[in-house]
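Read off the chains here:
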Amino acid sequence: MQPSELIMLLPLMAAQAGIVFTVWRRLRSRLTTLTAVLFWFLVAALATLGLAAIFLGVIREYAARFRDIRTVTYLWLLASTPAFAMYAAYRFLAARMGQGPSNRNRRELLRLAGAAAVAAPFAVEAWGAFITRFDYRVEQVNLPVVGIHPDLEGLRILQLSDIHLGRFLSERELARVIDTANELRAQIAFMTGDLISSWGDPVDACIAQLSRIRSDAPMLGCLGNHEIYAQVERYTEVQAARHGITFLRGGRRELKFGNGVLNVAGIDYQPFTLRGQYLRGAERLLVPDATNLLLSHNPDVFTEAPEQGWQAMLAGHTHGGQVTVEYFKRTVNPARFLTPYVSGLYVERGATCYVTRGIGTIGIPARVGATPEITLITLRRA
């Protein structure tokens, strides 16, 4: 677990303390000594189990054992924290409404509004788990590229990313995604990492589904962090090659369309801890007089890509934040703690980068404000 992830967990855990002590204040006058001891024992047991699931669930040996508990823990944290904030706001307002008869109707209205506000985070989370998570949308994107060859203008590229086939995404759902992608009639297809989530997930089934993609050129891709966590980097590379899919692990392919050459390079996932050291040696993958496009699971490497000479880059990893809240035309989501490149099109120093929201989910089986995305990119002259 990275320090930034721990920082995100701290306010969620602090809210749990508030919830526990609020419940304790309401119950303590009714509890006997024995039931009070049982109450705190239960709190300690649930807290220990939840924390163990979070911190040990990322280790391969414990991943399967703690997967369900970790999921429930995250679901509870992400719903109960805003619900508790709503409850605290309700109590603050209720205390200032006064006790006179003239305020009785207002207090009753406030009580109903408070109950609705507390229930809202749980309702939104349920909507994200059962509705939004399966709302696969096609995003059509014009990607401006400086110096693109005229014969490459209008080239249609399919980008898939962050499939996470496994517990939260079935092969049947992935087949729906592939069928939709094939209707787009892309000329090139790219996969930018995270076929699966954990060790033991069906990487072969994911590769088999990806092999159904129809395009003029064979699918190319790069590997994500979850291939590393599951220790299937080499296995994925070999098995994909048997299905005609090439994962560019520090390699490149030149694709020719008319007289235009698109040089596509790919790198394995480079973690956020390498900030300032990204893309070391990647400059050797550049091809003079070609349009150079980089595939990287981590979008943060875009901080270095323009300086090296990459004209365009495609990435994923963030899921668009997966759980995103918008207020006053600003968004808040977990990904913003890690990278400025959360989703969409970015242009810096003459280079462009597109970050897709991807298909699947991680941590919790829900998407709020960040629907899953099948991306159709059209290359344009900048």
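Here's a quick rundown of the structure. Please read these numbers as outputs of a predicted model, since none were measured by experiment.

## Thoughts on the packing of helix α6 (residues 203-210) against helix α8 (residues 233-242)
Direction vectors running N to C along α6 and α8 enclose 35°, while the axes themselves pass 10 Å from each other. Relative to α8, α6 is oriented so that their crossing is right-handed. Residues Val 203, Asp 204 and Ile 207 of α6 form the contact with α8, whose participating residues are Tyr 235, Thr 236, Gln 239 and Ala 240. Partitioning the contact of α6 with α8 into residue classes produces 4 nonpolar, 2 polar and 1 charged.

## Section: unusual backbone geometry
Located in the positive-phi region is Asp 162, a residue other than glycine, with phi close to 50°. Within the secondary structure, Asp 162 is located in the loop between β2 (156-160) and α5 (171-182). Looking at Asp 162, the relative accessible area reads 0%, which means it is buried. The backbone of His 317 shows a phi angle near 75°, a positive value even though the residue is not glycine. Tracing the backbone shows His 317 in the loop between β9 (312-315) and β10 (325-327).

## Remarks on the side chain of His 297
Within the fold, His 297 resides in the loop between β8 (291-295) and α9 (305-308). Residue His 297 is classed as buried on the basis of its relative accessible area of 0%. Of the polar contacts made by the side chain of His 297, one reaches the side chain of Asp 194; its length is 3.1 Å. Within the structure, His 297 has its side chain in polar contact with the side chain of His 317 (distance 3.1 Å).

Conventions used here
- Residues numbered from 1 in each chain as written.
- Predicted model: local features only at pLDDT ≥ 70, side-chain atom pairs only at ≥ 80, totals over all residues.
- Heavy atoms only, no water.
- Axes fitted to C-alpha atoms, helices over the stretch in contact; angles between N-to-C directions.
- Helix = DSSP H or I, 4+ residues; strand = E, 2+ residues; numbered from the N terminus.
- Left-handed = near helix turned anticlockwise from the far one by under 90°.
- Contact = heavy atoms within 4.5 Å.
- Nonpolar A, V, L, I, M, F, W, Y, C, P; charged D, E, K, R; others polar.
- Buried < 20%, exposed > 50% of the residue type's maximum accessible area, 1.4 Å probe, protein only.
- Polar contact = N/O pair within 3.5 Å; in protein donor to acceptor, adjacent residues only side chain to side chain.

On their own, these measurements won't tell you what the molecule is for.
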